[in-house]
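Understanding the architecture of this molecule
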Amino acid sequence: MWSEKTCHIGRRVEFHEQLESTNSWTAACCSHPDSAGMVVIANHQVAGRGQYGRVWQSRPGSSLLMSVVLHPPPELRRPVILTAFAAVAVAEAIRELTGVQARLKWPNDLLVRGKKVCGILIETGAATVVGIGLNLSQTAEEFEQAGLTEATSLSLVSAETSDIPNTARVVIRWLDDEYGRLLAGEQVAVEADWKWRLGLLGRPVELELLDGSIVTGRLREIGFDGLEVDLGRQSIRVIPPELVRQLRACT
Ligand code: BTN
């Protein structure tokens, strides 16, 4: 039974035993503005999709596979802002559920202890669909057999059990809170949380831009408006941040 009261996201929540992809299903059926805030969850996806056309596979019942429909106002219809709010919300949910802090890996992965626990796929058409795949109960052996040695799950990082309905309830509440902050004009607060979870400010970094060029330097500033990288005698600004394909700390 669904009992959480939310303002923007999760007033309608649908559970499906199996879908091809929650993102594809949601995009096909939720173009009308009335669908704003609807959440679609599947126990299993047979054609789950990841970033850059990759497949997203998980054993039935082992992950939270969720898509959220948004019809954001024009000023919020930017990949960097939508990714940031979703990533911060899922990170806060992970902290509430397990007590563990998740870090953000550019552009939209969440890592716990250096391993990927969640991927986010934002797709924009008639509606904006925020797809979230959060690993819950996979074992280390399972990841190893699938060749995913850089992946982890909540049950591997915490003794607290994370079932799908309870995790969904907590994630939806945080998504609702963070989206509410964006709608209330508190972008700066979401941006500050996002910057902190990226953890790259002031550090030597490598950027790969969409045109394939590579920039290395010290990250002087990062925000929804752009990045500034200190190259030594000069600095460069990258505006907007959506031009950055990869951003990582140099070791
Ligand atoms: C990535 O890291 O590549 C993003 C993965 C996003 C996976 C989720 S699972 C729920 C939703 N439906 C999909 O087909 N993909 C997203």
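The structure this text deals with has already been given above.
Let me sum up the structure you'll find in this document. (Residues numbered from 1 in each chain as written. Predicted model: local features only at pLDDT ≥ 70, side-chain atom pairs only at ≥ 80, totals over all residues. Heavy atoms only, no water.)

1. Considering the overall build of the protein chain
When helices and strands are tallied, the protein chain shows six helices and twelve strands. In terms of overall dimensions, the protein chain is globule-like: its C-alpha atoms have a radius of gyration of 18 Å, near the 18 Å expected for 251 residues. Overall, the C-alpha framework of the protein chain stretches about 60 × 45 × 30 Å when taken along its three principal axes. The buried share of the protein chain, taken over its 251 residues, is 49%. Considering only residue pairs separated by 6 or more positions, the protein chain has 63% of its internal contacts joining residues 24 or more positions apart. Carbon together with sulfur atoms contributes 51% to the accessible area of the protein chain, which is approximately 12,000 Å² in total. (Helix = DSSP H or I, 4+ residues; strand = E, 2+ residues; numbered from the N terminus. Rg over C-alpha atoms; globule rule 2.2 N^0.38 Å. Buried < 20%, exposed > 50% of the residue type's maximum accessible area, 1.4 Å probe, protein only. Contact = heavy atoms within 4.5 Å. Areas by Shrake-Rupley, 256 points an atom, 1.4 Å probe, with all protein chains shown as cover.)

2. Points about the pairing of strand β2 (residues 39–45)
The element β2 is extensively covered by neighbouring structure, given that six of its seven residues are classed as buried. Sheet topology places strand β1 (residues 13–19) next to β2; six bridges connect them, and they run parallel. Residue pairing in the sheet places L19 in a bridge with Q45 of β2. Handedness of the β1-helix α1 (residues 22–29)-β2 crossover: right-handed. (Pairing = 2+ DSSP bridges. Right-handed = clockwise from strand over helix to strand, strands pointing away.)

3. Describing the state of the cysteines
For the structure on display, the rule yields zero disulfides. With no disulfide of its own, C30 has C29 as its nearest cysteine by sulfur position, at a separation of 3.2 Å. (Disulfide = S-S within 2.5 Å.)

4. Here's the deal with the sheet that holds strand β11 (residues 235–238)
As a general point, the strands of a sheet are linked pairwise by backbone hydrogen bonds and lie either parallel or antiparallel. One open sheet accounts for five strands, arranged β11-β10-β9-β8-β12; its pairing is antiparallel. The open sheet has two edge strands, β11 and β12 (244–249), and neither has a second partner. Pairs of neighbouring strands in the sheet enclose a mean axial angle of 40°, with direction left out of account. Where strand β8 (residues 204–209) lies against β12, five bridges are found, and the strand directions are antiparallel. When the bridges of β12 are listed, L209 appears paired with V244. (Axes fitted to C-alpha atoms, helices over the stretch in contact; angles between N-to-C directions.)

5. Overview of the environment of T152
By the secondary structure assignment, T152 is in the loop between α3 (140–145) and α4 (154–157). On the basis of relative accessibility, which here comes to 6%, the residue T152 falls in the buried class. Sequence spacing of T152 and Q138 is 14 residues, and the spatial spacing of their C-alpha atoms is 7.5 Å. The residues contacting T152, other than those within four sequence positions of it, are V112, K115, K116, V117, N135, F143 and V157.

6. Concerning the nonpolar core
With 63 residues, the main nonpolar core has M66, F85, L134, L175, W194 and L207 as its most contacted residues. Counting residues per element, this core draws most heavily on helix α2 (residues 79–98), at 14 residues. Once you skip the residues sitting within four places of it in the chain, L207 turns out to touch S213, I214, V215, L227, V229, V238, V244, Q246 and L247. The next biggest cluster of nonpolar side chains, apart from the first, holds seven residues, and it includes L19, M38, A42 and A127. (Core = buried A, V, L, I, M, F, W, Y, C linked by side-chain atoms within 4.5 Å.)

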